[in-house]
Amino acid sequence: MTTIDPVELARAMIRRPSVTPRDEGALDVLEAALTRIGFVCTRMVFAEEGADAVDNLYARWGRGGPVFAYAGHTDVVPPGPLPDWSRPPFEAIVEDGVLWGRGAADMKGGIAAFVAAAERAIRSGVDGSIVLIITGDEEGPAINGTRRMLDWMASAGERIDHCLVGEPSSNERLGDMIKVGRRGSMNCVLSVAGRQGHVAYPQRAQNPIPPLLKMLLALSEPPLDDGYERFQPSSLQATDVHAGNTAHNVIPARASARFNIRFNPNWTAASLEAELHRRITAAAPGAAYELTAICSGEAFLTTDAAFLSLIETAVRDRTGLTPERSTTGGTSDARFIKNIAPVCEFGLVGQSIHKIDEHASLADIKALAGIYALILERYFAAFGAPRP
Ligand SMILES: [Zn+2]
């Protein structure tokens with residue numbers, strides 16, 4: 001049995017230009033490594049109408065519980081203008097202790113570190129199961145990826161107890177930050193119907209603009225809340241106000257506004273939408289309006305203290321840093337996984353992700369493998385079956 005070198009595995013995956021939603025063999029590379037160390041791999045291609053077909057990989061070592069899951073993605077964002085890269089994005093060049101390439105930090109480097117950690121854990125004995133949930137659709141619409149894999153897992157009776165998402169959560173240095181939750185996000189369109197007419201005869205028309213503005217003001221003030229444990233206050237930001245009217249002497253028939261809300265766990269999508277209706281009708285009683293609200297993820301906060309402190313102390317014992325428990329940043333697949341198990345995000349430094357010249361330090365990739373291995377070792381010691 002050869003040992004998995006996390007840097008070489010990351011390089012092999014980076015050389016497969018898996019720009020979302022394409023795979024280009026990235027999952028084959030990963031599957032081969034996992035199979036070599038004893039994982040049973042299940043590939044699943046999902047093709048839902050209206051979205052690209054996506055290749056995904058579910059891997060499992062062991063049959064018993066507890067089940068520790070690691071989630072990640074092999075798809076990457078496009079490289080952008082190639083001439084801007086100081087080293088080609090898909091050649092995985094190593095120079096001066098740094099691995100360069102698209103996906104080095106987000107997140108092929110992290111996945112490779114976990115595979116190396118899993119191998120170490122398996123060699124020293126795992127009292128339970130290790131599962132990998134790897135999608136090729138995290139950077140895209142996220143329809144045929146983790147969400148569908150979780151459906152499949154439910155129907156196949158594949159359950160997990162805890163999940164570590166390997167997104168690059170570290171801020172400046174490896175280990176300075178873990179993510180323990182996320183704000184929710186909701187996109188809304190509010191439109192008010194009036195009656196078109198001549199500006200000189202307003203009595204014959206009904207102007208939709210004043211009620212729309214009153215509604216918008218009422219939505220923004222007073223603030224939705226003043227924050228929630230580890231979360232900033234929820235924030236509603238108008239992004240567009242629009243009547244589509246080019247004439248100076250016409251009262252428009254309709255006016256609409258778009259806004260986005262980033263919300264903390266004081267709200268669910270449903271309670272938030274009810275609050276929007278309450279404020280709108282109070283601001284302009286009787287006005288005919290339509291509100292469309294689409295939530296792309298509910299807010300959540302992981303409260304499993306034992307799991308979080310296990311990760312935190314493993315990070316601290318290896319790096320000397322006490323990671324900040326953060327809820328900042330954009331969405332990740334943790335928003336889906338949190339529905340089936342407590343989830344925490346910890347991975348490489350995210351400074352260069354989605355940028356030109358994405359990179360990860362070799363020392364960080366190796367250190368991350370060590371931290372992941374320690375997490376696995378302590379997890380099965382703490383959550384595994386008590387030994388006689
Ligand atoms: Zn990512």
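The structure contained in this document is the topic of the report that follows. (Residues numbered from 1 in each chain as written. Predicted model: local features only at pLDDT ≥ 70, side-chain atom pairs only at ≥ 80, totals over all residues. Heavy atoms only, no water.)

**Here we look at the overall build of the chain**
Thought 1: The secondary structure content of the chain amounts to 9 helices and 19 strands.
Thought 2: With respect to the principal axes defined by its C-alpha atoms, the chain has extents near 85 × 55 × 40 Å.
Thought 3: The 388 residues of the chain split such that 52% are buried.
Thought 4: At a minimum sequence separation of 6, the contacts of the chain that also span at least 24 residues come to 80%.
Thought 5: Summed over all atoms, the accessible surface of the chain reaches about 16,800 Å², with 51% contributed by carbon and sulfur.
Thought 6: Charged side chains in the chain number 38 positive and 46 negative. The centres of these two groups are separated by 2 Å. (Helix = DSSP H or I, 4+ residues; strand = E, 2+ residues; numbered from the N terminus. Buried < 20%, exposed > 50% of the residue type's maximum accessible area, 1.4 Å probe, protein only. Contact = heavy atoms within 4.5 Å. Areas by Shrake-Rupley, 256 points an atom, 1.4 Å probe, with all protein chains shown as cover. Lys, Arg positive; Asp, Glu negative; His and termini not counted. Charge placed at Lys NZ, Arg CZ, Asp CG, Glu CD.)

**Remarks on the coordination of the zinc ion**
Thought 1: Bound to the zinc ion on the protein side are H73 (NE2), D106 (OD) and E167 (OE), at distances that span 1.9 to 2.1 Å.
Thought 2: Between the donor residues of the zinc ion, the gaps in sequence give the motif H-x32-D-x60-E. Placement of H73 in strand 3 (residues 67-73) and of D106 in helix 3 (residues 104-124) is noted, with a sequence separation of 33 residues between them. (Donors = N, O, S within 2.8 Å, 3.2 Å for Na, K, Ca; no water.)

**Observations concerning empty space enclosed by the protein**
Thought 1: Taken as a whole and assessed by the stated rule, the structure comprises 2 cavities of 30 Å³ or more.
Thought 2: Approximately 40 Å³ is the volume found for the largest cavity.
Thought 3: Lining the largest cavity, in full, are A71, G72, H73, M107, T135, E138, T146, V165, E167, D333 and I337.
Thought 4: For the lining of the largest cavity, the leading source of residues is strand 3, giving 3 residues.
Thought 5: A per-class count over the lining of the largest cavity returns 4 nonpolar, 4 polar and 3 charged.
Thought 6: Size it by volume and the second largest cavity reaches roughly 30 Å³.
Thought 7: Of the residues belonging to the lining of the second largest cavity, the class tally is no nonpolar, 5 polar and 2 charged. (1 Å grid on protein atoms, 1.4 Å probe; cavity = no way out; pocket = protein on both sides within 12 Å on 5 of 7 lines; lining within 4 Å. Points joined across faces, edges and corners; volume = space filled by probe spheres on them. Nonpolar A, V, L, I, M, F, W, Y, C, P; charged D, E, K, R; others polar.)

**Side note on a nonpolar patch on the surface**
Thought 1: Side chains of I209, L213 and V241 sit close together on the surface and give an oily, nonpolar patch of about 230 Å² of accessible area.
Thought 2: Structurally, L213 can be placed in helix 5 (residues 209-220). (Patch = residues over 30% accessible without salt bridge, like charges linked within 9 Å, V, L, I, M, F, W, Y side chains within 5 Å. Salt bridge = Lys/Arg side-chain N within 4 Å of Asp/Glu carboxyl O.)

**Examining the pattern of salt bridges**
Thought 1: Tallied over the full model, the rule gives 19 salt bridges.
Thought 2: Note that E312 is salt-bridged to R325, the shortest N-O span being 2.6 Å. Remark: R325 occurs in strand 17 (residues 324-326) and E312 occurs in helix 7 (residues 305-319); sequence separation between them is 13 residues.
Thought 3: Since its relative accessible area comes to 16%, E312 is described here as buried.
Thought 4: Overall, R325 belongs to the partly exposed group, its relative accessible area being 21%.
Thought 5: Taken together, the shared-partner salt bridges connect D28, E31, R43 and D55 into one network.

From the geometry alone we can't say anything about function, so treat these as descriptive.
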